[in-house]
Amino acid sequence: MSMTKHWGVMSTAQARRARPPGRLAAAVLFALGAAAAWTPARADDDAFTVLHSFSQLVDGALPVGIVRASDGNFYGTTSVGGSGGVRLGTVFRYTAAGDYRVLHTFADTADGHGPDAGVIEGGDGALYGTTVVGGASDKGTVFRIGKDGTTSLLHSFDGSDGEQPHATVMQASDGNFYGTTSKGGAKGLGTVFRLTPAGALTLLHSFSGDDGQTPYGDLVQGDDGTLYGTTYQGGAHKLGTVFRIAADGSGYALLHSFSGPPDALGPQSGLVKAADGSFYGTAGGGPTGYGIVYRITAAGTLSVLHALDGHAEGGLPIAKLLIGADGALYGTASQGGDDAGDGTVFRVTPSGTFAVLHTFDGDDGRWPQAVLAQGSDGLLYGAAYSGGANGDGTLFRVAATAGDVAVVATPVLSPAGGSFTAAQSVTITDATTGAAIHYSTDGSTPTGASALYTGPITIASTTTLKAIATASGYQDSAVITATYTIATDAGSGPGSGSGSGSGGGAIGLALLLPLLAGVLARRRPR
């Protein structure tokens, strides 16, 4: 059986034939057709490689998550299949070269079955994850597995403390694990919990509906130590929320209640935290009705980075985003991409520039729902839920840039930085026609949301200036950085001030020039 997020349980054969789980209304829209306003740039398919095609009775089927671990290998889960008489999902390992090995096959009550999310690597080097059902009460589990396959059960949910965890856990700065369950708790609408490495569970919050319900995504810890997450339903409009809660369970607050198009609805993935402390996520709905990539601050200000068109770009993003080494966001759309509707891999910059990296055709996978991982080679690694040689899903590798998408020229600063004795008026130009220039003077990395350059910038004290250029249909430029050291102390010592007075810079220079001329004369070629 394959555990899906909100369609419940379906067979593997049904999963192969069905649309991606949980998208009935949107699937109808796809059947009616979605007009593509433009065709986004995409990489050559030579940049895409299928590393493994799953076979249910051998090594699992319907992969739902992967992670790159500290040993450089990738680890993940399948929601069904595996070897032996009991085939209730697996934990697997594979290398960048595609070498695949099953580490564990789940066996129901012993350690759970039907994982619907990948694993994480704990501080001890072991892997941690959840299963949707199974365990002592058949309501789901949290498990630990070593990289050698040694598995132990940390907790079996009993309903009162949660039921059916669809998200993996996260390890916070205090060393404990935190997670969500989609059901159970005081109201039966889901929970937030804390679990010690030894397996002691504390219920932190039971959802009530008005404050959200049915969380499917994992949690993330903010710079302030607070935990942030999403719910698929509930909130003011009953269409999902973004929330925060302290690690001790106090201070629960809604940051945003989704209200449906043109706003989004039903987020199924958790958030990722950017270097500036803000968060990024995906949700359904939005201006086009086919899903969005959004940014939300810790204070709850939400903005749409990009609304997917449901056609060439793909639609209905389910998976959590990945922040790449270049600062761009990488994700997957579970549908769309072409007439077959098998999904896409995409890249979007923090300023909203969007590019398709790959369109699935079924033979190479379909309906990707797992978060991507980036290898040490800079390439992206991921899993497609279905499709491939056996129809049971694939593992793939794809380049992280769209090969034919031009990059905006790097801005030019004038003057280019250095030491000065007076305030400077700095101009910024860019060679790309129509490019918008954004800058920062506080040391932060600029994005498309940073201050817009409209004219010369006056720098009167020592400042680090950074600038980036963006343009529609282009990848953002590289960041240009320059430090302007302004020496405002006009002292009377050698080399200081304007050079007036005894011992001043002008006198020192007058004495130095003849000596320098003599040295140059002696080194001039004969």
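In what follows, the accompanying structure is described. This is a predicted model, so every value here is computed, not measured. (Residues numbered from 1 in each chain as written. Predicted model: local features only at pLDDT ≥ 70, side-chain atom pairs only at ≥ 80, totals over all residues. Heavy atoms only, no water.)

Examining the environment of Thr105
Stage number 1. By the secondary structure assignment, Thr105 is in strand S7 (residues 100–105).
Stage number 2. Measuring from C-alpha to C-alpha, the distance between Thr105 and Thr151 comes to 10.0 Å, with 46 residues separating the pair along the chain. (Helix = DSSP H or I, 4+ residues; strand = E, 2+ residues; numbered from the N terminus.)

Section: the pattern of salt bridges
Stage number 1. Taken as a whole and judged by the stated rule, the model has eight salt bridges.
Stage number 2. A salt bridge links Glu121 to Lys147; its shortest N-O distance comes to 2.6 Å. On the criterion of sequence distance, the pair formed by Glu121 in strand S8 (residues 120–121) and Lys147 in the loop between strand S10 (141–145) and strand S11 (151–156) is long-range, its members being 26 residues apart.
Stage number 3. Using a relative accessible area of 24% as the deciding quantity, one classes Glu121 as partly exposed. (Salt bridge = Lys/Arg side-chain N within 4 Å of Asp/Glu carboxyl O. Buried < 20%, exposed > 50% of the residue type's maximum accessible area, 1.4 Å probe, protein only.)

Considering the nonpolar core
Stage number 1. Formed by 17 residues in total, the largest nonpolar core has its most connected members in Leu413, Ile428, Tyr439, Ile457, Ile459, Leu465 and Tyr484.
Stage number 2. Sorting the residues of this core by element identifies strand S35 (424–429), strand S36 (436–440), strand S38 (457–459), strand S39 (463–470) and strand S40 (480–486) as the ones contributing at least two each.
Stage number 3. Excluding its chain neighbours within four sequence positions, the residues that come into contact with Ile428 are Pro411, Val412, Leu413, Ile437, Tyr439, Tyr453, Ile457, Leu465 and Ala467. (Core = buried A, V, L, I, M, F, W, Y, C linked by side-chain atoms within 4.5 Å. Contact = heavy atoms within 4.5 Å.)

Examining unusual backbone geometry
Stage number 1. Here Pro261 and Pro262 are connected by a cis peptide whose omega angle stands at 5°.
Stage number 2. As for its position among the elements, Pro262 is in the loop between strand S19 (253–257) and strand S20 (264–265).
Stage number 3. In this structure, the amide linkage connecting Ser414 to the following residue, Pro415, adopts the cis form with an omega of 0°.
Stage number 4. Positionally, Pro415 belongs in the loop between strand S33 (412–414) and strand S34 (418–420).
Stage number 5. Its identity as a non-glycine residue notwithstanding, Leu62 has a phi of 60°, on the positive side.
Stage number 6. Tracing the chain through its elements places Leu62 in strand S4 (residues 61–68).

With respect to the sheet that holds S38
Stage number 1. Taken in spatial order, the three strands line up as S33-S35-S38 in an open sheet, and their pairing is antiparallel. Only two strands of the sheet have a single neighbouring strand rather than two, namely S33 and S38. Here the strands of the sheet are splayed against their neighbours by 30° on average, with no regard to which way each runs.
Stage number 2. Pairing between S33 and S35: three bridges, direction antiparallel. When the bridges of S35 are listed, Ser414 appears paired with Thr427. (Pairing = 2+ DSSP bridges. Axes fitted to C-alpha atoms, helices over the stretch in contact; angles between N-to-C directions.)

Some words on the side chain of Ser182
Stage number 1. With respect to the helices and strands, the residue Ser182 is situated in the loop between strand S13 (177–181) and strand S14 (191–195).
Stage number 2. Here Ser182 falls in the buried class, since its relative accessible area comes to 4%.
Stage number 3. Within the structure, Ser182 has its side chain in polar contact with the backbone oxygen of Gln164 (distance 2.7 Å).
Stage number 4. Beyond its immediate sequence surroundings of up to four residues, Ser182 is in contact with Glu163, Gln164, Pro165, His166, Leu189, Gly190, Thr214, Pro215 and Tyr216. (Polar contact = N/O pair within 3.5 Å; in protein donor to acceptor, adjacent residues only side chain to side chain.)

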